[in-house]
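Listed below, chain by chain, are the residues.
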Amino acid sequence: PAPPSPFHFQWHKRMDQSPRILIIDDEERIRTILTALLKDEGFTVESARDGFEGIERARTFCPTLVVADLQMPRMDGMETIAHIKEHFPDIVPIILTAHGSIRSAVDAIKQGVYDYLTKPFDNDQLLLVVRRAAALSGLRREVEELKRQLSMARGVGSIVGESTAMKVLRSQ
């Protein structure tokens, strides 16, 4: 089936800084385990049972990380991530798969996947990957905020004037 396009809804960008993880997997048991594991670690977590539902959830949940199964009915994990990244280019995607191969891992990494884990996964390994991905996401947001601040500071510095008001503006 074709992916939902054009999108008939508004995408909302969240301004909070806490990592939000969207789990997309067709196996309910995996979704339940991952949700419990990640919530116990303090993450905000939502899940979806397939790519279409994942895209729909992403529009309101605004994830910073997506953990997606590679092989799912209707839409695979890579296609799902590609659609979500169209609206949230800074998400950090992680792929889980029971059908891993070196070729699919290399292809996923080339397409911007942060990590590629095979099922059954080790909980500690998964948590390590998610923590690192969350840290990367936080650093990316920090860099963007610093760029924005630098751009604003440069803008003020290029203003010409020597009045008291201008001096106060430059000193801020």
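The following refers to the structure shown. (Residues numbered from 1 in each chain as written. Predicted model: local features only at pLDDT ≥ 70, side-chain atom pairs only at ≥ 80, totals over all residues. Heavy atoms only, no water.)

Turning our attention to the side chain of Ser-104. Note that Ser-104 resides in helix H4 (residues 102-110). Among the residues examined, Ser-104 registers a relative accessible area of 19% and is labelled buried. (Helix = DSSP H or I, 4+ residues; strand = E, 2+ residues; numbered from the N terminus. Buried < 20%, exposed > 50% of the residue type's maximum accessible area, 1.4 Å probe, protein only.)

Before going further, it helps to examine unusual backbone geometry. Put simply, Lys-119 and Pro-120 share a cis peptide bond, and its omega is -5°. Positioned with a positive phi, Cys-62 is a non-glycine residue whose angle comes to about 55°. Along the chain, the position of Cys-62 falls in the loop between helix H2 (51-61) and strand S3 (65-69). Even without a glycine there, the phi angle at Arg-74 is positive, about 75°.

Another point: the sheet that holds strand S5 (residues 115-118). Within a sheet, adjacent strands bond to each other through the backbone by hydrogen bonds, running parallel or antiparallel. Strand order in the open sheet made by the five strands is S2-S1-S3-S4-S5, with parallel pairing throughout. Of all the strands in the sheet, the pair left with one neighbour each is strand S2 (44-48) and S5. Averaged over all pairs of adjacent strands, the angle between strand axes in this sheet comes to 20°, irrespective of strand direction. Here strand S4 (residues 92-97) pairs with S5 via four bridges, running parallel. Looking across to S5, one finds that Ile-95 is bridged to Tyr-116. Of the strands in this sheet, strand S1 (20-24) and S2 touch H2, which is tilted by about 150° from S2. (Pairing = 2+ DSSP bridges. Axes fitted to C-alpha atoms, helices over the stretch in contact; angles between N-to-C directions. Contact = heavy atoms within 4.5 Å.)

It is worth spelling out helix H3 (residues 77-87) at this point. Three or four residues apart is the spacing at which side chains of an α-helix point the same way, because the helix has 3.6 residues per turn. Among the residues making up H3, those that are buried are Gly-77, Met-78, Thr-80, Ile-81, His-83 and Ile-84. Tucked inside the fold, the buried residues of H3 contact S1, H2, S3, S4 and H4. Measuring from the backbone nitrogen of Met-78 back to the side-chain oxygen at the start of H3 gives 3.1 Å, which picks out Asp-76 as the cap. (Polar contact = N/O pair within 3.5 Å; in protein donor to acceptor, adjacent residues only side chain to side chain.)

Looking now at the pairing of S3. Looking along a regular strand, one sees side chains alternate from face to face of the sheet. The buried fraction of S3 amounts to five of the five residues, a majority that puts the element mostly inside the structure. By the alternation rule, side chains of S3 split into Leu-65, Val-67 and Asp-69 and Val-66 and Ala-68, which are all buried. Direction of pairing for S3 relative to S4: parallel, over a ladder of five bridges. Paired with Val-66 across the two strands is Pro-93, which belongs to S4. Considered for its hand, the β-α-β crossover made up of S3, H3 and S4 is right-handed. (Right-handed = clockwise from strand over helix to strand, strands pointing away.)

Next up on the list: the pattern of salt bridges. Between side chains of opposite charge, a pair can form as their charged atoms come close. The full count for this structure, using the stated rule, is twelve salt bridges. The closest approach of N and O atoms between Arg-131 and Glu-41, which form a salt bridge, is 2.7 Å. Of this pair, Arg-131 sits in helix H5 (residues 123-157) while Glu-41 sits in the loop between helix H1 (28-40) and S2; the two residues are 90 residues apart in sequence, bridging distant segments of the chain. A salt bridge links Arg-49 to Glu-53, with the shortest nitrogen-to-oxygen separation between them at 3.2 Å. Among the ionic contacts, a cluster of salt bridges with common partners joins Asp-25, Glu-27, Asp-69 and Lys-119. (Salt bridge = Lys/Arg side-chain N within 4 Å of Asp/Glu carboxyl O.)

What follows is about the packing of H2 against H3. Two numbers describe how H2 lies on H3: the axes approach to 9 Å, and their chain directions differ by 20°. Viewed along their axes, H2 and H3 adopt a mutual orientation that is roughly parallel. Seen from above, H2 lies across H3 with right-handed handedness. Across from Gly-51, Gly-54, Ile-55 and Ala-58 in H2, the residues of H3 making contact are Thr-80, His-83 and Ile-84. The class makeup of the residues in the contact of H2 with H3 is three nonpolar, four polar and no charged. (Parallel < 35°, antiparallel > 145°, perpendicular 65-115°, else oblique. Left-handed = near helix turned anticlockwise from the far one by under 90°. Nonpolar A, V, L, I, M, F, W, Y, C, P; charged D, E, K, R; others polar.)

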